[in-house]
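Chain and residue survey
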Amino acid sequence: DELKQLLKESNMLYWARALLDFTYEYIDYCINAASTPPSFQIPCVHFVEAGITLAFSHHSLNIQGTSTQAPIVNVKVGMFSAAYFLEEWVTFDPAGDEIFTKFIHNKDCGPSLDEDEYGYDLAIFLAFTQHIQYAKMEGLSFLTIKVVLSF
């Protein structure tokens with residue numbers, strides 16, 4: 001059932017956002033408790049905004065099937081008819097040279113990039129967020145971030 005799958009995806013995004021928010025709260029706590037600020041900038045990342053929208057019929061239909069097809073059930077006003085997963089539109093550099101970057105391996109928590117590659121610092125930060133989530137959730141949960149936007 002498509003609606004069930006969309007609800008699962010939406011729920012996962014909800015929990016992923018909560019874990020990422022928790023991670024930033026923990027970082028803020030540690031910075032405030034430290035005697036000196038960090039010597040590096042903390043990246044600011046977020047998940048795309050997304051949600052589910054449900055469509056309902058706005059007029060009644062009463063279409064009968066032919067002899068070779070089963071009869072179609074009456075569709076009444078206000079009856080659920082479709083579900084859509086809406087996501088934030090992601091824009092890239094106007095130059096048009098977008099490249100998808102995989103920051104973390106699926107098989108381990110290490111960065112996918114080498115130290116001299118663009119984005120390595122972000123990959124290290126994402127590995128750190130996984131470590132914090134895993135440790136603070138006592139091994140119950142951590143995020144594998146697929147798409148990250150940085151501003």
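These numbers were taken from a predicted model, which means no experiment stands behind them. (Residues numbered from 1 in each chain as written. Predicted model: local features only at pLDDT ≥ 70, side-chain atom pairs only at ≥ 80, totals over all residues. Heavy atoms only, no water.)

Topic: the overall build of the protein
For clarity, the cut-off: The numbering of helices and of strands both runs from the N terminus, where a helix is a DSSP run of H or I of at least 4 residues and a strand a run of E of at least 2. Each residue is assigned to one of three classes by its accessible area relative to the maximum for its type, calculated with a 1.4 Å probe on protein chains only: buried under 20%, partly exposed between the two thresholds, exposed over 50%. Whether two residues touch is decided by their heavy atoms; if any such pair falls within 4.5 Å, the residues are in contact. Where accessible areas are quoted, they stem from the Shrake-Rupley method and a 1.4 Å probe; at the residue level, only the protein chains shown are allowed to cover.
Assigned secondary structure in the protein consists of two helices and four strands. Along the protein, from the amino end to the carboxyl end, the secondary structure elements read α-β-β-β-α-β. Considering the protein as a whole, with its 151 residues, one finds that 23% of them fall into the buried category. A separation of at least 24 residues holds for 58% of the contacts in the protein among residues at least 6 apart in sequence. Total accessible area on the protein stands at roughly 11600 Å², and carbon and sulfur atoms take up 58% of it.

Looking at helix α2 (residues 120-136)
As a reminder, the rule being used: In this scheme, a helix's expected span is set at 1.5 Å multiplied by one less than its residue total.
If you check α2, its first and last C-alpha atoms are 24 Å apart, about what 17 residues at 1.5 Å a residue would give, namely 24 Å. Among the residues of α2, Tyr 120, Leu 122, Ala 123, Phe 125, Leu 126, Ala 127, Thr 129, Gln 130, Ile 132 and Gln 133 are the ones counted as buried. Of the residues one or two after α2, Glu 138 is the one with positive phi, at around 55 degrees.

Considering a negative patch on the surface
What counts here: Each patch is assembled from residues with relative accessible area greater than 30% and no salt bridge, linking like charges that lie within 9 Å and nonpolar side chains (Val, Leu, Ile, Met, Phe, Trp, Tyr) that lie within 5 Å. Criterion for a salt bridge: a side-chain nitrogen of Lys or Arg within 4 Å of a carboxyl oxygen of Asp or Glu. Charge counting follows a simple rule: Lys and Arg are positive, Asp and Glu are negative, and His as well as the terminal groups are ignored. Where a charge lies is defined by one atom per residue type: Lys uses NZ, Arg uses CZ, Asp uses CG and Glu uses CD.
A cluster of acidic residues, Asp 114, Glu 115, Asp 116 and Glu 117, forms a negative patch at the surface. Within the fold, Glu 115 resides in the loop between β3 (80-87) and α2. Relative accessible area serves as the criterion here: at 66%, Glu 115 is assigned to the exposed category.

Considerations on the confidence of the model for the protein
Counted only if it meets this: As a per-residue measure, pLDDT tells how confident the predictor is, with possible values from 0 to 100.
Averaged over every residue, the pLDDT of the protein is 79; the share at 70 or more is 74%. Summarising per-element confidence for the protein, the mean pLDDT is lowest in strand β4 (residues 149-150) (38) and highest in helix α1 (residues 2-33) (91). pLDDT under 50 marks residues 146-151. Its contacts with residues more than four places away, or in other chains, come to 14 contacts.

Considering the packing of aromatic side chains
The way to describe two aromatic rings as a pair is by their centre distance and the angle between their planes. Condition: Stacked, tilted and edge-to-face pairs are distinguished by plane angle, under 30 degrees for stacked and over 60 for edge-to-face with tilted covering the rest, among Phe, Tyr and Trp rings (Trp via its six-membered ring) whose centres lie within 6.5 Å.
Considering all chains together, one arrives at three aromatic pairs under this definition. Ring centres of Tyr 14 and Trp 15 lie 5.6 Å apart, and the angle between their planes is 85 degrees; this geometry places the pair in the edge-to-face category. The two residues Tyr 14 and Trp 15 agree in class, both being exposed. Site record: aromatic cluster; members linked through ring pairs are Tyr 24, Phe 125 and Phe 128.

Overview of the nonpolar core
The criterion, for reference: Within this scheme, the nonpolar core is defined by two criteria: the residues are buried Ala, Val, Leu, Ile, Met, Phe, Trp, Tyr or Cys, and they are joined through side-chain atoms within 4.5 Å.
Residues Tyr 24, Val 45, Phe 103, Leu 122, Phe 125 and Leu 126 are the most contacted members of the largest nonpolar core, which totals 19 residues. Residue assignment for this core shows that the elements contributing at least two residues are α1, β3 and α2.

Considerations on the side chain of Thr 129
Just so we agree on the cut-off: Any pair of nitrogen or oxygen atoms within 3.5 Å is treated as a polar contact; in protein, a donor-acceptor pairing is required on top of that, and neighbouring residues in sequence qualify only through side-chain atoms on both sides.
Locating Thr 129 in the fold gives a position in helix α2. There is a polar contact of 2.6 Å between the side chain of Thr 129 and the backbone oxygen of Leu 126.

Thoughts on the environment of Leu 54
Tracing the backbone through its elements, the reader meets Leu 54 in strand β2 (residues 50-56). Given a relative accessible area of 40%, Leu 54 falls into the partly exposed group. When sequence neighbours within four positions are dropped, the list of residues in contact with Leu 54 reads Leu 3, Phe 80, Ala 82 and Ala 83.

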